[in-house]
Amino acid sequence: MAAEKRIKVIISMIGLDGHITGGQVVAQILRDAGIEVVYLGTYQTPGMIVEAAVQEDVDAIGVSLHASNYSLIEELLALLKERGMGDIPVFCGGTIPQHQIQQLKDKGVAEVFLPRSTAESIVTGIVSTVKGTRAD
Amino acid sequence: MKAAYTPDDVANLDYGKDLGDPGSYPYTRGYYPDGYHSRMWTQRMTSGLVSSRETNKALHQYREMGQRGGLCVICDRPSAMLIDSDHPVGRKEAGVLGWPGSSLLEFEELMDKIPMTGQSLTLLGSSAGSAIRLACVVVLAEKRGVDLQKVHGSVMEYPYANFFGQDDNQPFDFNMKLFLDATEYAIRHKIHMRAGILSQHFQESGGNNVQALAVEMAMLKQICSLLVNERGLDFDDVAPLPYELVSVGTRFFEEIAKIRALRRMWAKLAKETFGAKKEKSCHLLIAVHTSGRTMTYQQPLNNIVRTTIQSLAGVMAGCSALDNACLDNAYAEPSPLAARMSLNTQHIIADESGVADVADPLGGSYYVESLTNKLEEDAYEIWNHIEDMGGMNAALEKGFIQDMLREEILKRQREVETGERVIVGVNKLVIPQEEDFAIPIQEVTTGDSEGVARQMEAWKKTRNLALIEDKLNQLYSDCRKGDRYNLMPSIIEAVRAYATVGEIAGVVRLARGYSYDPFNMIACPFTIQV
C-alpha cells in the first residue's frame with residue numbers, strides 16, 4: 001500500500017490583525033507533530049488564503065482570529081465553496097466567544113479551538129477531521 | 001530563588017548609591033518624595049470602538065465610572081496602518097479593534113465636549129501615524145484657542161511595535177522617518193506630548209521580565225541616540241519625550257522589582273551615558289497596563305482577581321498611570337461591566353487599601369531589594385549583548401530580538417502544557433464549559449464598519465478638494481527635500497485642510513518610492529506634481 005501523504009495545513013491570520021503569537025505557536029505544534037505547515041502570516045484576505053490553498057494543495061486551513069470580524073471567515077467559507085473546495089476543513093482559533101463558536105460551526109467551520117487548547121487536542125482535532133475527509 | 005531572605009542578601013546594598021530616598025537619584029524608590037500625595041496615578045481605561053461618536057460616549061461613561069487624570073484611546077487597525085475607513089480592506093475592520101481615527105474630523109468628534117487640558121491625552125496607534133496624530137492635536141488646540149503648551153499626554157509611538165504583534169504593513173524607514181520628524185518637532189516646539197517607547201507589546205507577545213527590561217533600555221537608548229546624534233538635539237530636551245508602558249503580570253513581587261529596576265537603569269543611562277544635566281532627565285514616565293495576555297478565556301471571573309494582584313503591584317511599584325486589562329479580554333472589547341470592574345479595582349486600591357499612602361512601601365524588604373538587583377543584573381546581560389551587536393536596530397536586523405522572543409513563546413507554551421506553569425482554571429481545577437459563568441460580551445458587527453466606511457466616503461466629497469490637493473503637493477515637495485527636512489509643518493497644513501491618514505501617508509509613500517497604497521488596491525485620488 002502506498003505511503004500516506006503527509007498532512008498539509010495552512011496557518012494564517014486574516015484581515016488586518018497583527019497578533020501572530022497564537023499562529024506561531026500552533027504552527028510549531030503542528031510541525032512537531034509531523035504536519036507540513038504553510039504559514040501565511042498577516043494581511044491575508046479570504047481570497048489570498050483560498051489562492052494559497054489551491055497552490056499548495058492543502059488538506060486544511062487554520063485561521064487565527066483576534067478580532068470580532070467573523071464576516072471574513074464567512075467570506076472565506078463562501079469563496080472555498082465557490083471554488084469547489086468546500087470539503088477542505090477550516091479551523092479557527094483565538095479569542096472567540098461561545099455563541100460565536102456555534103455560529104461559526106453552523107456556517108461550516110470544522111472546529112474552533114479555544115485559547116489555551118492543548119497541543120494534543122489541536123493535533124488530534126485536525127488529523128482526525130482530515131483523515132475523515134480523506135476517507136470520504 | 002530562596003524560600004526566605006535575610007539581611008545577608010542585601011549586605012552590599014548602599015542606600016544612598018543604590019536606592020536613594022523617593023525623589024532622589026537613582027530613583028529606585030520613585031520620583032516623588034511624597035509619593036502619590038504629590039500626584040495620584042492616572043486611573044484610566046483604554047477605549048476605542050465602533051466610531052468616534054461611540055468612543056466619545058465611552059469616554060464620558062468612563063469619566064462617570066471614575067476615570068481620572070487622563071484618557072486613553074487606541075486606534076483601530078485601519079487608521080493605525082494609515083489606511084482610511086473607506087479603503088477596500090480597511091472598510092471591513094473600521095472601528096473593530098479601536099477608534100477609526102483616520103482624519104481630523106474623527107478627532108474632533110472623539111473630543112466632543114472633552115477638554116484638551118487638565119488631563120493627559122493619550123492616543124495609541126502605530127509609529128508613522130505619530131506625525132498625523134500630533135498634527136491633529138496641534139490643529140485642534142489652535143481651533144479651540146487652547147494654549148498648546150498646556151496640553152500634555154502622548155500621541156506618538158515607537159517604530160519597533162511592528163516586530164511585536166503590532167505590524168502596520170509600512171516600511172521600517174518610513175516609520176522611522178515620520179516618527180523622528182514628529183518627535184523632533186515636538187521637542188523643538190516644546191510641545192509636551194510624549195512618545196511611547198513601550199516594552200508592553202514585546203512582553204504581551206510573550207517576552208519575560210528580564211528580556212522586557214533589556215529590550216526597553218535598548219529601545220530607549222537607540223531612540224535617544226538618534227534624536228541627539230542625527231537630529232542634533234540636546235539630551236536634556238529629549239529626556240522628557242519617552243514614556244514607557246509596562247505590562248504587569250501576576251508574579252507580584254517580580255513585577256514590582258521590574259519597575260524599580262527600570263527606574264534605576266534609566267537614571268543611570270541618562271546620567272552616565274548621556275550626561276544629563278537636569279535631574280528631571282533622569283525620570284522616566286512609567287505607565288502600567290495590566291497584562292491582557294494573562295486574562296483567561298476559562299472562568300473569566302478569575303481575571304478580576306488577577307487584575308487586582310497586577311494593579312496592586314503597579315501601584316506599590318509607583319506607576320504614573322494605570323490602565324487595566326479587563327475580565328473579558330479573551331473574548332472581545334471591554335463590556336461596560338468589565339470596564340467598570342477594572343476601574344473599580346483601581347478605586348478600591350486607591351481609596352480603601354492604604355497602599356498609596358506611602359511611597360515605595362516595599363523599599364528595604366530583603367526580598368524585594370534582592371529581586372530588584374537580580375532583575376537588573378540579568379537585564380544588563382542581555383542589554384549589553386544587544387549593544388555589542390550595535391544597538392536595537394542592529395539586533396533587529398540580525399534577528400536576535402525576534403529569535404529570543406520566539407524561543408520564550410515556545411518555552412512558555414511547553415511549561416503550560418506540562419503543568420510546570422500553573423494557570424488556575426486552565427490547566428488546574430478546570431470546570432466544564434457549561435458550568436462556567438456567562439459574562440456579557442461586547443459585540444461589533446460588520447454593519448458598524450460598513451456604516452463608518454460609507455460615512456467617510458460621503459464626507460470626503462464635501463471637503464475643499466482643491467485646498468487638499470495643494471497641501472498634499474506641498475507635502476510631496478517637502479518629502480523630496482531629503483530626510484532631514486521635517487515634514488511636520490506640511491503635515492499640519494494637510495491635516496488642517498482635512499486630508500486623511502491614507503492620503504497623507506500615501507503621498508509620503510509616493511515621494512519615498514513606494515506605492516500610494518500599502519495594499520496596492522487604490523491610487524492617489526489627487527494630482528501630485530512629480
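Small disclaimer: the values here were computed from a predicted structure and weren't measured.

In terms of helices and strands, chain A carries five helices and five strands. Along its sequence from the N terminus, chain A presents helices and strands in the succession β-α-β-α-β-α-β-α-β-α. For 136 residues, the compact-globule formula gives about 14 Å, and the C-alpha radius of gyration of chain A, at 14 Å, lands near that figure. Along the longest, intermediate and shortest principal axes, the C-alpha atoms of chain A span 45 × 35 × 25 Å. Split into buried and exposed, the 136 residues of chain A put 54% on the buried side. A sequence separation of at least 24 residues applies to 69% of the contacts in chain A between residues at least 6 apart. In chain A, 11 positive and 16 negative side-chain charges are present, and the distance between their average locations comes to 3 Å.

A few words now on the interface of chain B and chain A. With 35 residues of chain B at the interface, the matching set in chain A holds 31 residues. A buried area of about 2900 Å², summed over both sides, lies between chain B and chain A, and 55% of it is on carbon and sulfur atoms. Among the residues chain B hides against chain A, the three largest losses belong to B:Lys92, B:Glu93 and B:Tyr297. Together they make up 19% of the total. Summed over the shared surface of chain B and chain A, the result is one salt bridge.

The next point concerns the state of the cysteines. Evaluated as defined, the whole model comprises zero disulfides over all chains. There is no disulfide at B:Cys479, and the cysteine sulfur nearest it, in B:Cys524, is 12 Å away.

So, about the sheet that holds strand β3 (residues 60-65) of chain A. Residue and element names in this part refer to chain A. Taken together, five strands build an open sheet; the order of strands is β2-β1-β3-β4-β5 and the sheet is parallel. Strands at the two margins of the open sheet, each flanked by one partner only, are β2 (36-41) and β5 (111-113). Across the sheet, the mean angle separating the axes of adjacent strands is 20° when strand polarity is ignored. Contacting β1 (8-13), β2 and β3, helix α2 (residues 46-56) runs over the sheet at an angle of about 160° to β1.

Moving on to the pairing of β3(A). All names here are of chain A. Burial analysis of β3 places six of its six residues in the buried class, the great majority of the element. Neither face of β3 is open: one carries Ala 60, Gly 62 and Ser 64, the other Ile 61, Val 63 and Leu 65, and all of them are buried. Sheet analysis places β1 next to β3, joined by five bridges and oriented parallel. Bridge pairing in β3 places Ile 11 opposite Gly 62.

With that settled, consider unusual backbone geometry. Residue and element names in this part refer to chain B. Cis geometry marks the peptide bond from Tyr 25 to Pro 26; its omega dihedral reads 0°. Residue position: Pro 26 is located in the loop between α1 (15-19) and β1 (42-44). At Lys 190, a residue that is not glycine, the phi angle is positive and equals roughly 50°. Its location among the elements puts Lys 190 in the loop between α6 (172-188) and β6 (193-196).

Residues and elements named next belong to chain B. One open sheet holds the nine strands; their spatial order is β1-β9-β8-β7-β6-β5-β4-β3-β2, and the pairing between them is parallel. The open sheet has two edge strands with one neighbour each: β1 and β2 (46-47). Two strands pair when backbone bridges link them, and strand β3 (residues 70-74) and strand β4 (residues 120-124) are joined in this way by five bridges, in the parallel orientation. Looking at the pairing, Cys 72 lines up with Thr 122 of β4.

Moving on: the environment of A:Arg134. Residues and elements named next belong to chain A. Along the chain, Arg 134 falls in helix α5 (residues 119-135). Classification of Arg 134 by relative accessible area gives partly exposed; the value is 30%. Between the alpha carbons of Arg 134 and His 19 there is a distance of 32 Å; along the sequence they are 115 residues apart. Setting aside residues no more than four positions away along its own chain, Arg 134 makes contact with Glu 4, Lys 5, Arg 6, Ile 7 and Asp 59.

Attention shifts here to the packing of aromatic side chains. Residues and elements named next belong to chain B. Per the counting criterion, the structure on display carries 18 aromatic pairs over all chains. Relative to Phe 172, the ring of Tyr 160 has its centre 6.1 Å away and its plane inclined at 35°; by these criteria the two rings are tilted. One end of the pair, Tyr 160, is in the loop between β5 (152-157) and α6; the other, Phe 172, is in helix α6, with 12 residues separating them in the sequence. Aromatic pair Phe 235 and Phe 274: ring centres 4.5 Å apart, planes at 5°, arrangement stacked. With a gap of 39 residues between them, Phe 235 in helix α9 (residues 235-238) and Phe 274 in the loop between α10 (252-273) and β8 (285-290) connect regions that are remote in the sequence. Taken as a pair, Phe 235 and Phe 274 share a single burial class, namely buried. In textbook terms, an aromatic cluster arises when at least three aromatic residues are bridged by ring pairs, as seen for Tyr 5, Phe 252, Phe 253 and Tyr 367. Above the plane of the ring of Tyr 31 lies Arg 263, whose end atom (NZ or CZ) is 5.9 Å from the centre.

Before going further, it helps to spend a moment on the confidence of the model for chain A. Model confidence for chain A is summarised by a mean pLDDT of 91, while 95% of its residues fall at 70 or above. Mean pLDDT in chain A bottoms out at helix α4 (residues 98-107) of chain A, which sits at 89, and peaks at β1(A), which reaches 97.

A few words now on the pattern of salt bridges. All names here are of chain B. Here the structure, examined in full by the defined rule, presents 45 salt bridges over all chains. Where Lys 460 meets Asp 86, a salt bridge forms, and the shortest distance between an N and an O atom there is 3.0 Å. Of this pair, Lys 460 sits in helix α16 (residues 446-461) while Asp 86 sits in the loop between α3 (77-80) and α4 (104-110); the two residues are 374 residues apart in sequence, bridging distant segments of the chain. Each member of the pair, Lys 460 as well as Asp 86, is classed as buried. Among the salt bridges present, the one from Arg 421 reaches Glu 415, with a minimum N-O distance of 3.0 Å. Salt bridges sharing common partners tie together Lys 177, Asp 181, Glu 184, Arg 188, Arg 231 and Arg 484.

Cut-offs used in this document
Residues numbered from 1 in each chain as written. Chains lettered and ligands numbered in written order. Predicted model: local features only at pLDDT ≥ 70, side-chain atom pairs only at ≥ 80, totals over all residues. Heavy atoms only, no water. Helix = DSSP H or I, 4+ residues; strand = E, 2+ residues; numbered from the N terminus. Rg over C-alpha atoms; globule rule 2.2 N^0.38 Å. Buried < 20%, exposed > 50% of the residue type's maximum accessible area, 1.4 Å probe, protein only. Contact = heavy atoms within 4.5 Å. Lys, Arg positive; Asp, Glu negative; His and termini not counted. Charge placed at Lys NZ, Arg CZ, Asp CG, Glu CD. Buried area = accessible area lost by both parts, 1.4 Å probe. Salt bridge = Lys/Arg side-chain N within 4 Å of Asp/Glu carboxyl O. Disulfide = S-S within 2.5 Å. Pairing = 2+ DSSP bridges. Axes fitted to C-alpha atoms, helices over the stretch in contact; angles between N-to-C directions. Phe/Tyr/Trp six-rings, centres within 6.5 Å; stacked < 30°, edge-to-face > 60°. Lys NZ or Arg CZ within 6 Å of the ring centre and 35° of its normal. pLDDT = per-residue confidence, 0-100.

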